[in-house]
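Commentary on secondary and tertiary structure
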Amino acid sequence: MAEKITPRHVDYSRWYTDIVLQAKLADYSPVKGAMVIRPNGYAIWEMIRENLDRMFKESGHVNAYFPLLIPESFMQKEAEHVEGFSPECAIVTIGGGQKLEEPLYIRPTSETIIWAMYKKWIMSYRDLPILINQWANVLRWEMRTRLFLRTSEFLWQEGHTAHATYEEAEEETLKILDIYKKMAEEYLALPVIVGRKTDAEKFAGAEHTYSIEAMMQDRKALQAGTSHNLGQNFAKAFDVQFQDQDGNLQYVYATSWGVSTRLIGALIMAHSDDRGLVLPPRLAQRPVVIVPIWRSAEEKTAVLKYAESVFEELKGQYRVILDDREQYKPGFKFADWELQGIPIRLEIGPRDVEKDALVLVRRDTMEKQFVARKGILQTVTDELQHMQKDMLQRALKFREENTFQVDDYAEFRKIVEGEGGFIESHWCGDAACETRVKEETKATIRNIPFERKKESGKCIVCGKESQGRVVFAKAY
RNA sequence: CGGGGCGUAGCGCAGCCCGGUUAGCGCACCUGCCUUGGGAGCAGGGGGUCGGAGGUUCAAAUCCUCUCGCCCCGACCA
């Protein structure tokens with residue numbers, strides 16, 4: 001059989017597309033720019049969703065659902081917001097066979113409809129805070145689309161909170177960022193740089209935006225989540241005031257934050273290899289596959305009996321696949337499950353039955369080891385934990401090896417135009433310098449990391465004073 | 001909007017220039033046999049408005065006209 005996946009070194013973006021299609025994560029839809037998320041892909045989203053949802057609820061948030069369609073007038077209330085989103089909106093103008101009096105926007109995000117409702121619900125400080133999240137689809141008309149990374153319609157969660165003070169809103173914004181970091185590192189095994197976006201890169205309508213940024217295997221950056229402190233911008237636009245304890249009317253402070261199915265793209269590009277998908281164990285709904293191997297009918301009986309006993313032992317803890325299909329040889333099954341990223345494969349053949357052992361293969365390292373039948377549940381559990389940890393460490397090491405401190409613009413350009421990577425350079429804070437770098441190199445400031453050294457230096461572009469380094473990279 | 005390319009089975013393609021019986025190949029799919037410790041083999045089988053419409057002709061996947069869709073490059077936009 002021919003190779004199904006273009007190797008990374010041949011064509012990175014084709015490799016990515018091949019993985020998505022061949023691992024049956026998603027498929028192209030009849031509508032340009034949209035995609036179908038297939039069961040394998042949706043399973044990953046479910047794992048992300050279940051865990052994030054739990055963390056949101058543990059931190060006091062509740063879920064709700066706001067409608068898909070937003071009156072045009074709502075969209076136009078917040079000036080920056082309108083400007084930021086108008087070009088990429090789809091608008092419904094006909095309903096029930098008649099032209100609508102007011103066009104309805106298909107939500108590109110829900111701030112406006114939500115703040116129109118918050119106006120009705122918020123009267124006093126006793127109504128605050130409101131900590132609502134919603135799981136929804138949104139639509140942004142995109143010219144260049146790529147499966148999971150940028151599609152016109154995508155799934156996400158969007159949190160929208162309302163607070164009595166700026167400080168409380170800021171605290172919320174940061175709390176969520178922490179949850180995102182946890183999701184990225186502990187579940188996706190994806191090390192991220194936490195920081196603040198520059199004004200040029202912030203959300204349209206926000207006071208400021210924070211993000212988590214990850215490095216992909218082609219050394220490009222991918223924004224994996226954002227959290228915005230919206231200040232009083234939306235409260236003012238929608239006239240949402242509350243009466244404080246002293247009886248004074250004040251505008252409400254807001255936040256919003258989201259992660260999307262783009263995380264699945266991040267996951268693929270950070271960990272997968274030329275054989276196919278590599279799933280971190282904590283995101284695998286089915287972390288183990290058992291492949292029985294036999295020749296004769298007697299062997300088949302013995303092997304299957306043995307395999308079933310292993311299956312029974314593991315199934316209380318893990319969703320296990322027992323691949324007893326007759327029509328495929330073991331070699332085919334190995335390749336098939338590797339393609340789909342199943343973290344651990346257990347091979348069971350006549351020799352293993354005899355020795356009361358089995359062969360365990362880790363997807364990330366492809367390392368084969370003989371393990372004892374006894375205690376297999378514990379062995380699998382240990383291996384899954386190690387794999388989870390190793391994947392994060394490996395990704396972290398890769399990022400560190402491809403992060404450079406640069407103080408000379410010529411060298412900066414050489415790196416960006418060459419292999420690429422994250423470049424930590426001084427920046428004076430002037431948008432003009434940021435723009436110049438973007439125009440000349442296509443690299444942008446990913447964020448201003450929280451964990452940066454206080455270090456005086458000179459702006460990589462203009463040479464003016466700078467307090468610390470920011471992270472530049474080409475981004476998805 | 002300009003230039004170029006492509007539409008033939010689920011996917012990838014050949015056939016077209018030079019019109020001629022039932023339109024073919026690889027992969028995938030179905031049935032059977034045989035195999036099974038790294039993507040097997042053999043035999044049989046199902047599946048097509050040849051993108052669409054019109055025209056030329058005894059005869060069109062093939063020639064002509066129109067039309068629709070997609071891809072690449074440029075322009076535009078960021």
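Residues numbered from 1 in each chain as written. Chains lettered and ligands numbered in written order. Predicted model: local features only at pLDDT ≥ 70, side-chain atom pairs only at ≥ 80, totals over all residues. Heavy atoms only, no water.

Under an unreviewed UniProt entry, chain A has the name Proline--tRNA ligase and belongs to Caldithrix abyssi. You can read under Subunit (unreviewed entry) in the UniProt record for chain A the words "Homodimer." Heading Subcellular location (unreviewed entry) of the UniProt record for chain A holds this comment: "Cytoplasm". (UniProt positions renumbered as here; feature names shortened; annotations may be inferred.)

This paragraph deals with the overall build of chain A. Looking only at helices and strands, chain A features 14 helices and 25 strands. Against the 2.2 N^0.38 benchmark of 23 Å for 476 residues, chain A shows a C-alpha radius of gyration of 25 Å, consistent with a compact globule. Residues classed as buried in chain A amount to 54% of the 476 residues present. The contacts in chain A between residues at least 6 apart in sequence include a share of 69% that link residues at least 24 apart. When the accessible surface of chain A is summed, it comes to about 22,300 Å², and 49% of that surface belongs to carbon and sulfur atoms. Side-chain charges of chain A comprise 65 positive and 72 negative groups, with the mean position of each set lying 4 Å from the other. (Helix = DSSP H or I, 4+ residues; strand = E, 2+ residues; numbered from the N terminus. Rg over C-alpha atoms; globule rule 2.2 N^0.38 Å. Buried < 20%, exposed > 50% of the residue type's maximum accessible area, 1.4 Å probe, protein only. Contact = heavy atoms within 4.5 Å. Areas by Shrake-Rupley, 256 points an atom, 1.4 Å probe, with all protein chains shown as cover. Lys, Arg positive; Asp, Glu negative; His and termini not counted. Charge placed at Lys NZ, Arg CZ, Asp CG, Glu CD.)

The subject of this paragraph is helix 13 (residues 409-417). Among all positions of helix 13, only Tyr409, Phe412, Ile415 and Val416 are buried. Looking straight down helix 13, one finds its buried side chains confined to an arc of 120 degrees; they lie on one side. Facing away from the buried surface of helix 13 by more than 90 degrees, the exposed residues are Ala410, Lys414 and Glu417. Taken together, the buried residues of helix 13 touch strand 20 (403-405), strand 21 (422-426), helix 14 (431-441) and strand 25 (469-473). (Arc of directions from axis to C-beta.)

All right, on to the sheet that holds strand 21 then. The sheet built from 11 strands is open, its strands ordered 3-7-8-14-11-10-9-22-25-21-20 with mixed pairing. Strands at the two margins of the open sheet, each flanked by one partner only, are strand 3 (62-63) and strand 20. The sheet contact formed by strand 20 and strand 21 spans three bridges and is parallel. In the strand pairing of strand 21, threonine 403 is matched with phenylalanine 422. This element, helix 12 (residues 376-401), spans strand 9 (193-196), strand 10 (208-215), strand 20 and strand 21 of the sheet and lies at about 35 degrees to strand 20. (Pairing = 2+ DSSP bridges. Axes fitted to C-alpha atoms, helices over the stretch in contact; angles between N-to-C directions.)

Together, Glu80, Glu83, Asp199 and Glu207 give the surface a local cluster of negative charge. By relative accessible area, aspartate 199 is classed as exposed at 57%. (Patch = residues over 30% accessible without salt bridge, like charges linked within 9 Å, V, L, I, M, F, W, Y side chains within 5 Å. Salt bridge = Lys/Arg side-chain N within 4 Å of Asp/Glu carboxyl O.)

Moving on to the protein's contact with RNA strand B. What surrounds RNA strand B is a group of 24 residues, the closest being Glu338, Arg345, Gly349, Arg351 and Asp352. Considering the 4 Å shell around the protein, atoms of RNA strand B inside it are sugar or phosphate in 41% of instances. Between a sugar or linking oxygen of RNA strand B and a main-chain N or O atom of glycine 331, the distance comes to 3.5 Å. The separation between a base nitrogen of RNA strand B and a polar side-chain atom of glutamate 347 is 3.4 Å. For the surface near RNA strand B, the elements supplying multiple residues, two or more each, are helix 10 (330-339), strand 17 (344-348) and helix 11 (350-355). Sort the elements by how many residues they give to the surface near RNA strand B and helix 10 lands first, with seven residues. In terms of residue class, the surface near RNA strand B is made up of 11 nonpolar, two polar and 11 charged. (Near = heavy atom within 4 Å. Polar contact = N/O pair within 3.5 Å; in protein donor to acceptor, adjacent residues only side chain to side chain. Nonpolar A, V, L, I, M, F, W, Y, C, P; charged D, E, K, R; others polar.)

Turning next to the packing of aromatic side chains. Enumeration over the complete set of coordinates arrives at 15 aromatic pairs. When the ring of tyrosine 118 is compared with that of tryptophan 121, the centres are 5.9 Å apart and the planes differ by 45 degrees; the resulting orientation is tilted. Here tyrosine 118 and its partner tryptophan 121 are both found in helix 5 (residues 111-121), three residues apart, which amounts to about one turn of the helix. With centroids separated by 5.7 Å and ring planes inclined at 35 degrees, the aromatic side chains of tyrosine 409 and phenylalanine 412 adopt a geometry described as tilted. Here tyrosine 409 and its partner phenylalanine 412 are both found in helix 13, three residues apart, which amounts to about one turn of the helix. An aromatic cluster is built from Trp45, Phe56, Trp135 and Trp257, whose rings are joined through pairwise contacts. Over the ring of tyrosine 187 we find arginine 282, and its NZ or CZ is 4.0 Å from the ring centre. Directly above the aromatic system of phenylalanine 334 lies the positively charged group of arginine 345, at a separation of 4.2 Å from the ring centroid. (Phe/Tyr/Trp six-rings, centres within 6.5 Å; stacked < 30°, edge-to-face > 60°. Lys NZ or Arg CZ within 6 Å of the ring centre and 35° of its normal.)

Looking now at the packing of helix 2 (residues 39-58) against helix 6 (residues 166-187). One way to put it is that helix 2 packs onto helix 6 with a least axis distance of 11 Å and a crossing angle of 145 degrees. For the crossing formed where helix 2 meets helix 6, the hand is right-handed. Contacts from Ile48, Asn51, Leu52, Arg54, Met55 and Phe56 in helix 2 reach Ile176, Ile179, Tyr180, Lys182, Met183 and Tyr187 in helix 6. Its residues placed into classes, the contact of helix 2 with helix 6 shows nine nonpolar, one polar and two charged. (Left-handed = near helix turned anticlockwise from the far one by under 90°.)

In this section: the domain arrangement of chain A. Much of the literature gives interface size as the accessible area that the parts lose upon coming together. Looking at chain A, the domain boundaries give domain 1 (2-271), domain 2 (286-380) and domain 3 (403-473). Distance from the C-alpha centre of domain 1 to the C-alpha centre of domain 3: 27 Å. Counting residues at the interface gives 20 residues for domain 1 and 17 residues for domain 3. Both sides together, the interface formed by domain 1 and domain 3 hides about 1,400 Å², and carbon and sulfur atoms give 60% of it. Per-residue buried area on domain 1 facing domain 3 is highest for Ile193, Thr198 and Arg219; these three make up 35% of the total on that side. At the junction of domain 1 and domain 3, the tally comes to two salt bridges. Put simply, arginine 446 and glutamate 213 hold a salt bridge, and the shortest N to O gap is 3.1 Å. Put simply, the parts of the chain that give the side of domain 1 that touches domain 3 at least two residues each are helix 6, strand 9, strand 10 and strand 11 (221-231). The biggest single contributor to the side of domain 1 that touches domain 3 is strand 10, with five residues. Residue composition of the side of domain 1 that touches domain 3, grouped by class: nine nonpolar, four polar and seven charged. (Domains from an automatic or database assignment. Buried area = accessible area lost by both parts, 1.4 Å probe.)

Here we come to the packing of helix 1 (residues 12-22) against helix 8 (residues 262-271). Axis angle and axis distance: for two packed helices, these are the angle between their axes and the distance between the axes, and together they describe the pair. Helix 8 packs onto helix 1 with a crossing angle of 115 degrees between their chain directions and a minimal axis gap of 11 Å. Seen from above, helix 1 lies across helix 8 with right-handed handedness. Where helix 1 abuts helix 8, its residues Tyr12, Trp15, Tyr16, Ile19 and Val20 lie against Gly265, Ile268 and Met269. Its residues assigned to classes, the contact of helix 1 with helix 8 shows seven nonpolar, one polar and no charged.

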